[in-house]
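# Structural overview for review
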Amino acid sequence: MSEVKAPVAYGGQAVIEGVMFAGRTVNVTAVRKKDRSIAYFESPRTEKAWVTKLKKIPFLRGIVALLDSSAKGSQHLNFSAESYAEGEAGETEEAAAPKAPEKKSMSDNLTMILGVAVVGVLSFLAGKLIFTLVPAALESMLFENRFESIFLHNLIEGGIKLVLLIGYILLIAQTPLIKRLFQYHGAEHKVITAYENGDPLTIENVQKYNTLHYRCGSSFLILTILVGILLYSLPVFTWDSIWERLGIRILLLPVVIGVSYEVLRFTNSVRDIPLLRYLGYPGLWLQLLTTKQPTDDQVEVAILSFQRMLEADRNNAVRLVEPGKAVGA
(Lines give C-alpha, C1' and ligand atoms only; values in the text may rest on other atoms or scores of the structure.)
Protein backbone atom coordinates (compact mmCIF):
# COMPACT_ATOMS: atom_id res chain seq x y z
CA MET A 1 0.00 0.00 0.00
CA SER A 2 1.32 3.43 -0.86
CA GLU A 3 2.60 5.48 2.04
CA VAL A 4 0.33 8.16 3.48
CA LYS A 5 1.66 11.66 3.00
CA ALA A 6 2.46 13.53 6.17
CA PRO A 7 -0.14 16.10 7.21
CA VAL A 8 0.81 19.74 6.93
CA ALA A 9 0.78 20.03 10.70
CA TYR A 10 0.38 17.30 13.30
CA GLY A 11 -1.38 18.16 16.53
CA GLY A 12 -2.17 16.52 19.81
CA GLN A 13 -3.07 16.98 23.43
CA ALA A 14 -1.99 15.77 26.83
CA VAL A 15 -4.25 13.33 28.64
CA ILE A 16 -4.02 11.67 32.05
CA GLU A 17 -0.66 9.86 32.12
CA GLY A 18 -0.35 10.00 28.35
CA VAL A 19 -0.52 11.88 25.06
CA MET A 20 -2.92 11.84 22.13
CA PHE A 21 -1.77 12.61 18.57
CA ALA A 22 -4.00 13.27 15.58
CA GLY A 23 -2.93 11.90 12.18
CA ARG A 24 -4.53 11.95 8.76
CA THR A 25 -6.57 8.81 9.25
CA VAL A 26 -6.47 8.03 12.97
CA ASN A 27 -6.14 9.57 16.43
CA VAL A 28 -3.90 7.60 18.80
CA THR A 29 -3.45 7.87 22.55
CA ALA A 30 -0.73 6.13 24.55
CA VAL A 31 -1.13 5.90 28.33
CA ARG A 32 1.30 4.53 30.90
CA LYS A 33 -0.61 2.40 33.38
CA LYS A 34 0.23 1.75 37.02
CA ASP A 35 2.08 -1.46 36.14
CA ARG A 36 4.31 0.55 33.74
CA SER A 37 2.78 -1.05 30.64
CA ILE A 38 1.50 1.10 27.76
CA ALA A 39 -2.15 1.02 26.71
CA TYR A 40 -3.23 2.41 23.35
CA PHE A 41 -6.51 3.83 22.13
CA GLU A 42 -7.16 4.33 18.41
CA SER A 43 -10.13 6.05 16.80
CA PRO A 44 -10.50 6.59 13.06
CA ARG A 45 -10.70 10.14 11.76
CA THR A 46 -13.91 9.78 9.83
CA GLU A 47 -16.19 12.70 9.14
CA LYS A 48 -19.06 13.71 6.89
CA ALA A 49 -18.29 15.27 3.51
CA TRP A 50 -19.95 18.53 4.53
CA VAL A 51 -17.74 18.76 7.63
CA THR A 52 -14.64 18.33 5.47
CA LYS A 53 -15.86 21.14 3.21
CA LEU A 54 -16.49 23.45 6.16
CA LYS A 55 -12.93 22.85 7.39
CA LYS A 56 -11.66 24.43 4.18
CA ILE A 57 -13.61 27.67 4.55
CA PRO A 58 -11.67 30.47 6.33
CA PHE A 59 -13.21 31.67 9.61
CA LEU A 60 -15.70 28.78 9.65
CA ARG A 61 -12.97 26.15 9.78
CA GLY A 62 -11.78 27.34 13.18
CA ILE A 63 -15.18 26.81 14.78
CA VAL A 64 -15.62 23.38 13.16
CA ALA A 65 -12.08 22.31 14.06
CA LEU A 66 -12.48 23.28 17.71
CA LEU A 67 -15.82 21.53 18.12
CA ASP A 68 -14.41 18.45 16.40
CA SER A 69 -11.32 18.55 18.60
CA SER A 70 -13.44 18.87 21.75
CA ALA A 71 -15.60 15.90 20.77
CA LYS A 72 -12.76 13.56 19.79
CA GLY A 73 -10.38 14.75 22.47
CA SER A 74 -12.92 13.99 25.19
CA GLN A 75 -13.06 10.36 24.04
CA HIS A 76 -9.30 9.97 24.46
CA LEU A 77 -9.31 11.83 27.77
CA ASN A 78 -12.04 9.49 28.99
CA PHE A 79 -9.94 6.46 27.97
CA SER A 80 -6.90 7.80 29.80
CA ALA A 81 -8.95 8.42 32.95
CA GLU A 82 -10.39 4.90 32.82
CA SER A 83 -6.94 3.37 32.30
CA TYR A 84 -5.58 5.34 35.26
CA ALA A 85 -8.54 4.37 37.47
CA GLU A 86 -8.24 0.75 36.35
CA GLY A 87 -4.71 0.64 37.72
CA GLU A 88 -5.81 2.09 41.05
CA ALA A 89 -8.70 -0.36 41.30
CA GLY A 90 -6.35 -3.24 40.58
CA GLU A 91 -4.29 -2.40 43.65
CA THR A 92 -7.27 -2.70 46.00
CA GLU A 93 -9.16 -5.56 44.40
CA GLU A 94 -6.44 -8.15 43.88
CA ALA A 95 -8.01 -10.51 46.40
CA ALA A 96 -11.46 -10.26 44.92
CA ALA A 97 -12.68 -12.98 42.60
CA PRO A 98 -12.18 -12.00 38.97
CA LYS A 99 -15.31 -10.97 37.12
CA ALA A 100 -16.04 -11.99 33.58
CA PRO A 101 -15.68 -8.99 31.28
CA GLU A 102 -18.93 -7.61 30.03
CA LYS A 103 -19.28 -7.79 26.28
CA LYS A 104 -20.59 -4.67 24.67
CA SER A 105 -22.29 -4.65 21.33
CA MET A 106 -21.19 -2.39 18.54
CA SER A 107 -24.23 -0.17 19.14
CA ASP A 108 -23.33 0.13 22.85
CA ASN A 109 -19.79 1.22 21.96
CA LEU A 110 -21.04 3.78 19.46
CA THR A 111 -23.58 5.12 21.95
CA MET A 112 -20.93 5.51 24.62
CA ILE A 113 -18.52 7.24 22.23
CA LEU A 114 -21.24 9.58 21.00
CA GLY A 115 -22.26 10.41 24.56
CA VAL A 116 -18.70 11.28 25.58
CA ALA A 117 -18.29 13.40 22.44
CA VAL A 118 -21.48 15.35 23.16
CA VAL A 119 -20.37 15.99 26.74
CA GLY A 120 -17.00 17.18 25.46
CA VAL A 121 -18.59 19.67 23.05
CA LEU A 122 -21.08 20.94 25.64
CA SER A 123 -18.30 21.38 28.19
CA PHE A 124 -16.28 23.38 25.67
CA LEU A 125 -19.23 25.64 24.82
CA ALA A 126 -20.15 26.15 28.47
CA GLY A 127 -16.56 27.04 29.33
CA LYS A 128 -16.33 29.55 26.49
CA LEU A 129 -19.62 31.19 27.53
CA ILE A 130 -18.55 31.51 31.17
CA PHE A 131 -15.13 32.86 30.22
CA THR A 132 -16.80 35.38 27.89
CA LEU A 133 -19.71 36.57 30.02
CA VAL A 134 -18.26 36.73 33.54
CA PRO A 135 -15.49 39.28 32.74
CA ALA A 136 -17.95 41.48 30.81
CA ALA A 137 -20.40 41.42 33.73
CA LEU A 138 -17.67 42.20 36.27
CA GLU A 139 -16.34 45.12 34.23
CA SER A 140 -19.84 46.55 33.82
CA MET A 141 -20.55 46.35 37.55
CA LEU A 142 -17.21 47.91 38.53
CA PHE A 143 -16.60 50.53 35.84
CA GLU A 144 -19.92 51.18 34.05
CA ASN A 145 -20.13 54.92 34.90
CA ARG A 146 -16.43 55.69 35.32
CA PHE A 147 -15.70 56.75 31.72
CA GLU A 148 -17.19 56.87 28.22
CA SER A 149 -14.49 55.16 26.14
CA ILE A 150 -15.80 51.84 24.75
CA PHE A 151 -12.26 50.72 23.94
CA LEU A 152 -11.13 51.33 27.52
CA HIS A 153 -14.09 49.33 28.84
CA ASN A 154 -13.17 46.47 26.50
CA LEU A 155 -9.50 46.73 27.42
CA ILE A 156 -10.32 46.37 31.12
CA GLU A 157 -12.66 43.46 30.29
CA GLY A 158 -9.78 41.78 28.46
CA GLY A 159 -7.51 42.39 31.45
CA ILE A 160 -10.07 40.74 33.75
CA LYS A 161 -10.21 37.75 31.39
CA LEU A 162 -6.43 37.45 31.47
CA VAL A 163 -6.31 37.62 35.27
CA LEU A 164 -9.04 34.99 35.60
CA LEU A 165 -7.32 32.74 33.06
CA ILE A 166 -3.89 32.96 34.68
CA GLY A 167 -5.38 32.60 38.16
CA TYR A 168 -7.30 29.49 37.11
CA ILE A 169 -4.21 27.90 35.55
CA LEU A 170 -2.07 28.67 38.61
CA LEU A 171 -4.75 27.25 40.90
CA ILE A 172 -5.24 23.93 39.13
CA ALA A 173 -1.48 23.59 38.58
CA GLN A 174 -1.09 23.04 42.33
CA THR A 175 -2.64 19.56 42.07
CA PRO A 176 -0.25 16.66 41.33
CA LEU A 177 -2.48 15.33 38.53
CA ILE A 178 -2.47 18.63 36.62
CA LYS A 179 1.25 19.10 37.18
CA ARG A 180 1.86 15.78 35.43
CA LEU A 181 -0.66 16.70 32.72
CA PHE A 182 1.35 19.84 32.00
CA GLN A 183 4.51 17.72 31.81
CA TYR A 184 2.87 15.49 29.21
CA HIS A 185 1.80 18.67 27.42
CA GLY A 186 5.46 19.65 27.25
CA ALA A 187 6.37 16.16 26.00
CA GLU A 188 3.76 16.47 23.22
CA HIS A 189 5.27 19.76 22.04
CA LYS A 190 8.80 18.40 22.16
CA VAL A 191 7.93 15.36 20.02
CA ILE A 192 6.16 17.45 17.37
CA THR A 193 9.05 19.92 17.23
CA ALA A 194 11.62 17.14 16.91
CA TYR A 195 9.61 15.55 14.10
CA GLU A 196 9.19 18.89 12.31
CA ASN A 197 12.96 19.37 12.49
CA GLY A 198 13.59 15.94 10.99
CA ASP A 199 15.30 14.43 14.03
CA PRO A 200 14.98 10.71 14.87
CA LEU A 201 12.48 10.34 17.68
CA THR A 202 14.70 9.21 20.51
CA ILE A 203 14.37 10.40 24.10
CA GLU A 204 17.72 12.20 23.88
CA ASN A 205 16.81 14.02 20.67
CA VAL A 206 13.34 15.00 21.84
CA GLN A 207 14.45 16.27 25.25
CA LYS A 208 16.77 18.87 23.72
CA TYR A 209 13.79 20.84 22.36
CA ASN A 210 11.68 23.50 24.05
CA THR A 211 8.30 22.73 25.59
CA LEU A 212 6.70 25.67 23.72
CA HIS A 213 5.02 25.51 20.31
CA TYR A 214 3.31 28.16 18.17
CA ARG A 215 0.21 26.07 17.32
CA CYS A 216 -0.71 25.29 20.94
CA GLY A 217 -4.25 25.79 22.18
CA SER A 218 -2.83 27.96 24.96
CA SER A 219 -1.84 30.48 22.28
CA PHE A 220 -5.41 30.36 20.98
CA LEU A 221 -6.77 31.35 24.41
CA ILE A 222 -4.64 34.49 24.48
CA LEU A 223 -5.63 35.36 20.92
CA THR A 224 -9.34 35.17 21.75
CA ILE A 225 -8.77 37.81 24.44
CA LEU A 226 -6.84 40.14 22.10
CA VAL A 227 -9.19 39.63 19.15
CA GLY A 228 -12.19 40.17 21.42
CA ILE A 229 -10.88 43.54 22.62
CA LEU A 230 -10.48 44.78 19.04
CA LEU A 231 -13.71 43.28 17.71
CA TYR A 232 -15.92 44.50 20.57
CA SER A 233 -14.48 48.02 20.09
CA LEU A 234 -15.80 48.41 16.55
CA PRO A 235 -18.22 51.36 16.43
CA VAL A 236 -21.19 49.17 15.43
CA PHE A 237 -21.06 47.21 18.70
CA THR A 238 -22.32 49.64 21.34
CA TRP A 239 -24.60 48.88 24.27
CA ASP A 240 -26.90 50.75 26.67
CA SER A 241 -27.22 48.06 29.33
CA ILE A 242 -25.30 45.13 30.70
CA TRP A 243 -27.79 42.75 29.07
CA GLU A 244 -27.14 44.25 25.64
CA ARG A 245 -23.41 43.94 26.30
CA LEU A 246 -23.72 40.27 27.24
CA GLY A 247 -25.96 39.62 24.24
CA ILE A 248 -23.36 41.12 21.90
CA ARG A 249 -20.69 38.91 23.46
CA ILE A 250 -22.78 35.78 22.85
CA LEU A 251 -23.56 36.73 19.24
CA LEU A 252 -19.92 37.54 18.49
CA LEU A 253 -18.47 34.45 20.18
CA PRO A 254 -18.34 32.41 16.92
CA VAL A 255 -16.76 35.39 15.16
CA VAL A 256 -14.08 35.76 17.85
CA ILE A 257 -13.29 32.03 17.64
CA GLY A 258 -13.13 32.07 13.84
CA VAL A 259 -10.92 35.15 13.62
CA SER A 260 -8.63 33.97 16.44
CA TYR A 261 -8.10 30.64 14.66
CA GLU A 262 -7.06 32.44 11.46
CA VAL A 263 -4.69 34.68 13.40
CA LEU A 264 -3.18 31.59 15.05
CA ARG A 265 -2.58 30.04 11.63
CA PHE A 266 -1.00 33.27 10.43
CA THR A 267 1.33 33.64 13.41
CA ASN A 268 2.47 30.07 12.91
CA SER A 269 3.12 30.65 9.19
CA VAL A 270 5.35 33.70 9.86
CA ARG A 271 7.20 32.34 12.88
CA ASP A 272 10.48 32.16 10.92
CA ILE A 273 10.28 35.81 9.80
CA PRO A 274 12.43 37.93 12.18
CA LEU A 275 9.93 40.70 13.03
CA LEU A 276 6.63 38.92 12.52
CA ARG A 277 7.62 36.00 14.72
CA TYR A 278 6.94 38.15 17.78
CA LEU A 279 3.22 38.11 16.98
CA GLY A 280 3.07 34.62 18.47
CA TYR A 281 4.92 35.48 21.68
CA PRO A 282 1.88 36.23 23.91
CA GLY A 283 0.69 32.66 23.38
CA LEU A 284 4.16 31.30 24.06
CA TRP A 285 4.31 33.23 27.32
CA LEU A 286 1.08 31.59 28.50
CA GLN A 287 2.57 28.20 27.64
CA LEU A 288 5.19 28.87 30.30
CA LEU A 289 2.32 28.08 32.69
CA THR A 290 0.60 25.24 30.80
CA THR A 291 3.71 23.21 29.90
CA LYS A 292 6.37 21.79 32.19
CA GLN A 293 9.63 19.94 31.58
CA PRO A 294 8.75 16.24 31.14
CA THR A 295 10.67 13.27 32.49
CA ASP A 296 12.28 10.73 30.15
CA ASP A 297 9.47 8.29 30.93
CA GLN A 298 6.87 10.82 29.87
CA VAL A 299 8.74 11.64 26.67
CA GLU A 300 8.90 7.92 25.92
CA VAL A 301 5.09 7.68 26.14
CA ALA A 302 4.71 10.65 23.79
CA ILE A 303 7.15 9.12 21.29
CA LEU A 304 5.34 5.77 21.35
CA SER A 305 2.01 7.50 20.74
CA PHE A 306 3.38 9.53 17.83
CA GLN A 307 5.12 6.57 16.24
CA ARG A 308 2.00 4.43 16.51
CA MET A 309 0.00 7.20 14.86
CA LEU A 310 2.55 7.45 12.03
CA GLU A 311 2.49 3.69 11.55
CA ALA A 312 -1.32 3.65 11.44
CA ASP A 313 -1.29 6.42 8.84
CA ARG A 314 1.28 4.63 6.71
CA ASN A 315 -0.45 1.29 6.80
CA ASN A 316 -4.00 2.62 6.95
CA ALA A 317 -4.35 0.47 10.07
CA VAL A 318 -7.63 1.93 11.29
CA ARG A 319 -10.09 -0.26 13.18
CA LEU A 320 -13.30 0.39 11.29
CA VAL A 321 -15.31 -2.50 12.74
CA GLU A 322 -15.40 -1.10 16.26
CA PRO A 323 -14.47 2.61 16.20
CA GLY A 324 -12.66 3.78 19.30
CA LYS A 325 -11.72 0.27 20.46
CA ALA A 326 -8.95 0.15 23.05
CA VAL A 327 -6.06 -2.10 22.09
CA GLY A 328 -3.14 -3.50 24.03
CA ALA A 329 0.52 -2.56 23.72
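Structural data are supplied above this passage.
From a predicted model like this one, the values you see are computed outputs, not experimental measurements.

The subject of this paragraph is the packing of aromatic side chains. Scanning all chains against the criterion turns up 8 aromatic pairs. Both rings, one in Phe41 and one in Phe79, keep their centres 5.1 Å apart while their planes meet at 25°; by these two values the pair is stacked. Pair noted here: Phe41 is in strand β4 (residues 38–44) and Phe79 is in helix α2 (residues 60–92), with a separation of 38 residues, a long-range link. Residue Phe79 is classed as buried on the basis of its relative accessible area, which comes to 8%. Feature note: the residues Tyr10, Phe21, Tyr195 and Phe306 constitute an aromatic cluster, connected by ring pairs. Looking at Arg249, its charged tip hangs above the ring of Tyr232, at a distance of 3.8 Å from the centre.

For the rest of this paragraph, the subject is helix α9 (residues 281–290). Listing the buried residues of α9 in full gives Gly283, Leu284, Leu286, Gln287 and Thr290. For α9, the angular spread of buried residues about the axis comes to 160°, placing them on one side. In α9, those exposed residues whose orientation departs by more than 90 degrees from the buried face are Trp285 and Leu288. The inward-facing, buried residues of α9 abut α4 (150–172), α5 (176–196) and α7 (217–232).

Here we take up empty space enclosed by the protein. Taken as a whole and judged by the stated rule, the model has 3 cavities of 30 Å³ or more. There is about 60 Å³ of room inside the largest cavity. As for the largest cavity, its lining consists of Tyr214, Ser219, Ile222, Leu223, Leu226, Thr267, Leu279, Gly280, Pro282 and Gly283. A total of 4 residues in the lining of the largest cavity trace back to one element, the largest contributor, which is α7. Classifying every residue of the lining of the largest cavity by side-chain character gives 6 nonpolar, 4 polar and no charged. By volume, the second largest cavity is sized at about 50 Å³. Forming the walls of the second largest cavity are Lys128, Phe131, Thr132, Lys161, Thr224, Ile225, Tyr232, Leu253 and Val256.

Turning our attention to the environment of Thr290. With respect to the helices, strands and loops of the structure, Thr290 is situated in helix α9. Spatially, the C-alpha atoms of Thr290 and Gly186 are 8.2 Å apart, while their sequence positions differ by 104 residues. If we skip the residues at most four places from it in the chain, Thr290 touches Ile169, Phe182, His185 and Ser218.

The grouping of Ile130, Val134, Leu138, Met141, Leu142 and Leu164 at the surface amounts to a nonpolar patch, some 550 Å² of accessible area in total. For the nonpolar patch, the leading source of residues is helix α3 (residues 106–143), giving 5 residues. Its place among the elements puts Leu164 in helix α4. Residue Leu164 is classed as partly exposed on the basis of its relative accessible area of 39%.

This part takes up the nonpolar core. Membership of the largest hydrophobic core comes to 25 residues, with the highest contact counts inside it found for Phe21, Val191, Leu201, Val206, Phe306 and Met309. Taken together, the elements giving at least two residues each to this core come down to β2 (18–22), β3 (26–32), β4, α5 and α10 (296–315). For this core, the element with the highest residue contribution is α10, accounting for 8 residues. Counting residues in hydrophobic clusters, the runner-up holds 10 residues, among them Ile178, Ile225, Ile229 and Leu286.

Per the stated rule, a full pass over the model turns up 11 salt bridges. Between Glu300 and Arg32 there is a salt bridge, and its shortest N-O distance comes to 2.7 Å. Of the two residues, Glu300 sits in helix α10 while Arg32 sits in strand β3, which places them 268 residues apart along the sequence. Judged by relative accessible area, which is 10%, Arg32 ranks as buried. Each of Glu139, Glu157, Arg245 and Arg249 takes part in a single network of salt bridges with overlapping partners.

Let us look at the side chain of Ser80. Mapped onto the elements, Ser80 comes out in helix α2. Separated by 3.2 Å, the side chain of Ser80 and the backbone nitrogen of Ile16 make a polar contact. A polar contact is formed between the side chain of Ser80 and the backbone oxygen of Leu77, at a distance of 2.7 Å. If we skip the residues at most four places from it in the chain, Ser80 touches Val15, Ile16 and Val31.

Rules and cut-offs
- Residues numbered from 1 in each chain as written.
- Predicted model: local features only at pLDDT ≥ 70, side-chain atom pairs only at ≥ 80, totals over all residues.
- Heavy atoms only, no water.
- Phe/Tyr/Trp six-rings, centres within 6.5 Å; stacked < 30°, edge-to-face > 60°.
- Helix = DSSP H or I, 4+ residues; strand = E, 2+ residues; numbered from the N terminus.
- Buried < 20%, exposed > 50% of the residue type's maximum accessible area, 1.4 Å probe, protein only.
- Lys NZ or Arg CZ within 6 Å of the ring centre and 35° of its normal.
- Arc of directions from axis to C-beta.
- Contact = heavy atoms within 4.5 Å.
- 1 Å grid on protein atoms, 1.4 Å probe; cavity = no way out; pocket = protein on both sides within 12 Å on 5 of 7 lines; lining within 4 Å.
- Points joined across faces, edges and corners; volume = space filled by probe spheres on them.
- Nonpolar A, V, L, I, M, F, W, Y, C, P; charged D, E, K, R; others polar.
- Patch = residues over 30% accessible without salt bridge, like charges linked within 9 Å, V, L, I, M, F, W, Y side chains within 5 Å.
- Areas by Shrake-Rupley, 256 points an atom, 1.4 Å probe, with all protein chains shown as cover.
- Salt bridge = Lys/Arg side-chain N within 4 Å of Asp/Glu carboxyl O.
- Core = buried A, V, L, I, M, F, W, Y, C linked by side-chain atoms within 4.5 Å.
- Polar contact = N/O pair within 3.5 Å; in protein donor to acceptor, adjacent residues only side chain to side chain.

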